[in-house]
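Overview (structure and organization)
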Amino acid sequence: MDLQLKDKTVVVTGASKGIGLAVVRAFAAEGARVFAAARTAGAEPGGGLGAPDVVAVQADLTTPEGVRALAERAGDVDVLVNNLGGVLDASMRAGGFLGIDDETWLGTFQLNLFATVRVTRALLPGLLRRRGVVVNVSSIGARAAFKPIDYGTAKAALTNLTKGLAEEFGGQGLRALTVTPGPTRTRNWIDSDGYVGELARAAGLELDEFLARVPEQMGITTGRLTEPEETAALVAFLASPVSGNLTGADYLADGGAIKTV
Ligand SMILES: NC(=O)c1ccc[n+]([C@@H]2O[C@H](COP(=O)([O-])OP(=O)(O)OC[C@H]3O[C@@H](n4cnc5c(N)ncnc54)[C@H](OP(=O)(O)O)[C@@H]3O)[C@@H](O)[C@H]2O)c1
């Protein structure tokens, strides 16, 4: 299927590794011009962002200056993928609601919500000129009770933000969609110094042993974690004109972990 993304201009946030990097590669493979934003160029050879039509933009998107720098560099865009987000170490260490202080709540909301609010606000005029698409990457933490609670709460707000954008700007041609991943085989899950490594240590298990139990414990119907490339393919499809009448909806990429309809 031709996704008709050739020569489209795309911004991806949190783009140097994990799901974001897979999204960059998916759009680049379709012939799009991609602005890939992260604080660093990535740890892989060539920064992991080596394709000719990929422009790495180094910016801390939790700061207004970083957002301004990205917006100035990218100009008018057709597609914005707000992928930036994650769980703070302080949230993991907190041990539950009572251990999460104001600073940690604010940090979690900066990373998972406010950065996306600012990037979207900065790029929206150009997105409207191009009748563009916003895809926000949320989490199954938005859909059910979740630990750490600050992360699930911030992602729930992000999912709501997407719906609101779809409604407010749909009449002007903007589409906005949420992609909601479950456990995805990124460094956070497979590196022993990632947050899952920390969970494994807390449970007194080797990381491999811990990971082998994850699908059953998290109720992942397919019995395995999702690959970043699988989620990236969904993002590219939703951003494509071939899905041009889809908006406001939330698409799970979780191997069946969420059981509600
Ligand atoms: N992995 C999962 O299992 C999973 C599950 C559900 C939802 N998600 C969501 O999916 C998205 C991607 O997750 P992931 O696991 O692929 O992430 P990841 O591997 O931790 O990568 C995060 C990306 O964000 C960049 N980044 C971090 N802080 C930044 C900042 N202040 N400014 C700009 N860039 C920044 C990182 O690069 P630098 O360090 O170079 O800045 C990196 O490119 C997140 O929104 C996450 O919440 C992931």
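Because the structure is a prediction, the values reported are computed rather than measured. (Residues numbered from 1 in each chain as written. Predicted model: local features only at pLDDT ≥ 70, side-chain atom pairs only at ≥ 80, totals over all residues. Heavy atoms only, no water.)

Here the focus is the overall build of the protein. When its secondary structure is counted, the protein shows nine helices and seven strands. Relative to its length of 261 residues, the protein is compact, with a C-alpha radius of gyration of 18 Å against a globular reference of 18 Å. Expressed as lengths along the three principal axes of its C-alpha atoms, the size of the protein is roughly 55 × 40 × 40 Å. When each of the 261 residues of the protein is scored for burial, the buried share is 50%. Taking contacts inside the protein between residues at least 6 apart in sequence as the whole, the part at least 24 apart equals 69%. Looking at the protein as shown, the accessible area adds up to about 12300 Å², and 52% of this sits on carbon and sulfur atoms. Computed over 25 positive and 29 negative side-chain charges, the inter-centroid distance for the protein is 5 Å. (Helix = DSSP H or I, 4+ residues; strand = E, 2+ residues; numbered from the N terminus. Rg over C-alpha atoms; globule rule 2.2 N^0.38 Å. Buried < 20%, exposed > 50% of the residue type's maximum accessible area, 1.4 Å probe, protein only. Contact = heavy atoms within 4.5 Å. Areas by Shrake-Rupley, 256 points an atom, 1.4 Å probe, with all protein chains shown as cover. Lys, Arg positive; Asp, Glu negative; His and termini not counted. Charge placed at Lys NZ, Arg CZ, Asp CG, Glu CD.)

Before going further, it helps to spend a moment on the packing of aromatic side chains. As enumerated under the stated definition, the model contains three aromatic pairs in all. Taking the centre distance of 5.8 Å and the plane angle of 45° together, the rings of Phe146 and Tyr151 count as tilted. The exposure class assigned to Tyr151 is buried, which follows from its relative accessible area of 11%. In textbook terms, an aromatic cluster arises when at least three aromatic residues are bridged by ring pairs, as seen for Trp105, Phe109 and Phe114. (Phe/Tyr/Trp six-rings, centres within 6.5 Å; stacked < 30°, edge-to-face > 60°.)

For the rest of this paragraph, the subject is the site of the ligand. The environment of the ligand is made up of 31 residues, and the closest members are Ser16, Thr40, Asn83, Tyr151 and Trp189. Within the contact set of the ligand, an oxygen atom lies 2.8 Å away from a backbone nitrogen or oxygen of Ile19. Interatomic distance of 2.8 Å between a side-chain N/O atom of Lys155 and an oxygen atom of the ligand. Within the complex, the protein chains bury 93% of what would otherwise be the 890 Å² of accessible surface of the ligand. (Near = heavy atom within 4 Å. Polar contact = N/O pair within 3.5 Å; in protein donor to acceptor, adjacent residues only side chain to side chain.)

Taken together, the side chains of Met1, Phe237 and Val242 define a hydrophobic patch exposed on the protein surface, amounting to about 310 Å² of accessible area. You can see Val242 is positioned in the loop between helix H9 (228–239) and strand E7 (250–253). (Patch = residues over 30% accessible without salt bridge, like charges linked within 9 Å, V, L, I, M, F, W, Y side chains within 5 Å. Salt bridge = Lys/Arg side-chain N within 4 Å of Asp/Glu carboxyl O.)

Turning next to the packing of helix H2 (residues 64–74) against helix H4 (residues 102–129). At a minimum axis separation of 10 Å, H2 and H4 run at an interaxial angle of 35°. Two packed elements cross with a definite hand, and for H2 against H4 that hand is right-handed. Residues Pro64, Val67, Leu70 and Ala71 of H2 form the contact with H4, whose participating residues are Arg118, Val119, Ala122 and Leu123. Grouping the constituent residues of the contact of H2 with H4 by class yields seven nonpolar, no polar and one charged. (Axes fitted to C-alpha atoms, helices over the stretch in contact; angles between N-to-C directions. Left-handed = near helix turned anticlockwise from the far one by under 90°. Nonpolar A, V, L, I, M, F, W, Y, C, P; charged D, E, K, R; others polar.)

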